[in-house]
Structure formats: structure tokens, C-alpha cells
Amino acid sequence: MRAHSGIAALVQPRETAPREEDFTDALLTGLRATPKNIPCKYFYDVEGSLLFEKICMLPEYYPTRTELRLLHASAHGIAQFIGPDAEIVGIRRRRGRKDKTVARCHGKSARLFADGYFRTLFAEHRGGTAGGLSGPRHPADRRGFHARFSLPPSSGRRVGFFPGSTIGNFAPGEARAFLANVARMLKGGGLLIGVDLVKDPQILHAAYNDKAGITAAFNKNLLARANREAGANFNLAHFSHYALYNPLLRRIEMYLISACDQRVTVCGRSIAFAEGEAIHTEYSHKYTVDGFKALAASAGFIPRQVWCDADRLFSIHWLETK
Ligand code: AVI
């Protein structure tokens, strides 16, 4: 879809990804693997998405508010790089306050959103119906991101927008493959991407172990979802949330730990858990500014500009394609 004004356009990608993987199949596969795991894309059913929105507002969870402030503070500079005549490709479907903010900050100087197309993009994202680069519900859907997407032909410059440091939920190799795919699709344009930074482990630990227990509920919602959708009988009181920062691999690792020896039925299959056994549920990688630039360059981008907050908690990168 091209905007009548030529100022901005909402791009509808043609998804060539296969149908969304079935939660029950993925659950059974992950729980039979060693170590046990449940892919993080399954966090985001309705309950999980609401819990994630609460996480974004927690005092300990600094990424969302820091990225928002950074977008406000850097709005003019960002708009200069995007330029006055771009097609915006949203790489996100989840609800979030960032969406509105970015629409506003771009609108400030480049009038990119005067015709409302960017608002439409985000409104449709919130409803889960619009095209972004991510066909799947959550960007960390590995199949979806590694699958090829095609975009309709364009005469304009394409700009991707991928906020929230969701890139951190990929392993570095997967992140490179994803970025390389995006770079191919945005050829001649650029990507604005939010990236969480390496920092004091205490800050990171607190962000994923909030006092109100919302992150624990978000993690355990995977088991609740299994009970709702996959005929499972998890007793949530028999599992605990465990999140740690691994400073060698520069990532948060999230697990659900079995409190006792137990058997759980999932879709008619009995699965054994030993006391202390872990189900891996998420990685959240943190980058240095230079480390992320190197990753982006290895994926075919030219890193052009980085904005960081004064405490260097979070970064926003402007990457151009060759
Ligand atoms: C979506 N993603 C960037 C969040 C993160 O920080 O890795 C998901 C999250 N998991 C626990 N808290 C937030």
C-alpha cells in the first residue's frame, strides 16, 4: 500500500512462512528434550501478553521506559536519518507504549506520519492482523524469522523498526541470520533497532526477579497455558521461577524449576520431572554497543548512529543497508 502523499507507506509483506507451529507439539518436543525447554514465543498468549505489559511498567524493568525516553530525546536525530520519504516496516506485533511514541517522534520533524499510515500500522499490530516483517505472533518465533518473507515491489526507501530489544531473545547466530534476512529486505534503506546493554548484573538480576512477582507469573503462565490448551495438569505451586544473569555469555537465562520429583500429564503423555530439574524458557542477551555494531555489520548492515541514555542502560541503533 502506498500513501497517497508519498510521505510514508505501510508495507504489507507477503508471508511465505509455514503455518504457526502447534503449541502442543512444541511443548511435547521441548519437554522430551534434554535439557527440557519451552520456546519463548509461547509466552505471548492473551494472559502472557497482559503480564508482559505489566512487566514493562515495573520499577525494576528499566528497558521499556529507558527506550521510550531515548526515543523522545533522540526524535529529531532519528527523523534526520529516516528521511522524509520512507516506507516504514514494523517488526513487531505486541501491544506497547513504544508504538505511539515512535509515531509521534517521527512525526515531529519528518512529517512521516501526517497521513496516519504509521498509526494504522501500529493499530493493526495491536489487533494482531497487520503485516510487519514478523508473520508470527512474537518476533522471537525462530521459524518465522528464519523463514523468507517477501515485500511487494517499492520505488521508495524502506525503513524497518524493531524496538524492545527482542533481538536479545535470539542466540547470537540466530540474531545474525535474522538481521541478514532483514538487511536483504530493506536493501537501500535502514533499520532502527532497540538493543539492551551489558550492565551491572544486580540491575539485570532485579529486572527479571521483580518484587511483585510479575515476571515469575509470566514465566509460570507457560505451564498455565499448557493446562489450558494442551491437556496438561501442571501444579504451578510445584514449579518455581528462576532467572539469573550469566556474565560469561552476557545473557539472562530463565527457567522453571521442579520443586519435587513429579509426573505431569501433557496431552495424554506422562512426563517425569526430578526435584531441581529445570525447564529452560528464555535467553535475553545483552550487548555492548561495539558488540552489536559488529553483529549488525556481519549481517550486512552499515552501523551509522547509536543513541544511549546517560546511564548506558539501553541503546538505539540506526543501521543502513548496502
Ligand atoms: C521481549 N523481551 C525483549 C523481554 C526481555 O527482556 O527479554 C521478555 C522478558 N522476559 C522477562 N521479562 C521480559
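Residues numbered from 1 in each chain as written. Predicted model: local features only at pLDDT ≥ 70, side-chain atom pairs only at ≥ 80, totals over all residues. Heavy atoms only, no water.

Applying the stated criterion to the full structure yields 3 cavities of 30 Å³ or more. The computed volume of the largest cavity comes to approximately 160 Å³. Together, 18 residues line the largest cavity, and Phe52, Tyr61, Asn169, Tyr208 and Glu282 are the ones closest to its centre. Elements that contribute at least two residues to the lining of the largest cavity include exactly helix H2 (46-56), helix H10 (214-229) and strand S12 (278-285). Of the residues that constitute the lining of the largest cavity, the class distribution is 8 nonpolar, 6 polar and 4 charged. Shared between two domains, the lining of the largest cavity holds at least three residues of each, these being domain 1 (59-200 + 287-321) and domain 2 (204-284). (1 Å grid on protein atoms, 1.4 Å probe; cavity = no way out; pocket = protein on both sides within 12 Å on 5 of 7 lines; lining within 4 Å. Points joined across faces, edges and corners; volume = space filled by probe spheres on them. Helix = DSSP H or I, 4+ residues; strand = E, 2+ residues; numbered from the N terminus. Nonpolar A, V, L, I, M, F, W, Y, C, P; charged D, E, K, R; others polar. Domains from an automatic or database assignment.)

Predicted coordinates in areas of low pLDDT are best not read in detail. Looking at the chain as a whole, its pLDDT mean stands at 80, while 73% of the residues score no less than 70. Low pLDDT, under 50, characterises residues 1-20; the stretch is placed with 72 contacts to residues that sit more than four places away or in other chains. Predicted confidence is poor over residues 93-148, with pLDDT under 50, and the contacts of this stretch with residues over four places away or in other chains come to 173 contacts. (pLDDT = per-residue confidence, 0-100. Contact = heavy atoms within 4.5 Å.)

The next point concerns the packing of aromatic side chains. One pass over the full model with this rule turns up 16 aromatic pairs. Residues phenylalanine 43 and tyrosine 44 carry aromatic rings whose centres are separated by 6.1 Å and whose planes lie at 85° to one another, so their mutual orientation is edge-to-face. Judged by its relative accessible area of 4%, tyrosine 44 is buried. Every member of this aromatic cluster is reached through a ring pair, and the members are Phe43, Tyr44, Phe52, Tyr61, Tyr208 and Phe218. Positioned above the aromatic ring of phenylalanine 23, the side-chain terminus of arginine 225 is 4.5 Å from the ring centre. One cation-aromatic arrangement involves arginine 251 over tyrosine 283; the distance from NZ or CZ to the ring centre is 3.7 Å. (Phe/Tyr/Trp six-rings, centres within 6.5 Å; stacked < 30°, edge-to-face > 60°. Buried < 20%, exposed > 50% of the residue type's maximum accessible area, 1.4 Å probe, protein only. Lys NZ or Arg CZ within 6 Å of the ring centre and 35° of its normal.)

The next thing to look at is the sheet that holds strand S3 (residues 36-37). Pairing is mixed in the open sheet, where 4 strands are placed in the order S3-S12-S9-S8. Pairing within the sheet leaves two strands with one partner each, and these edge strands are S3 and strand S8 (239-246). In this sheet, strand S9 (residues 251-258) lies alongside S8 in antiparallel orientation, the contact comprising 8 bridges. Residue histidine 241 lies in a different strand from S9, and its bridge partner there is leucine 256. (Pairing = 2+ DSSP bridges.)

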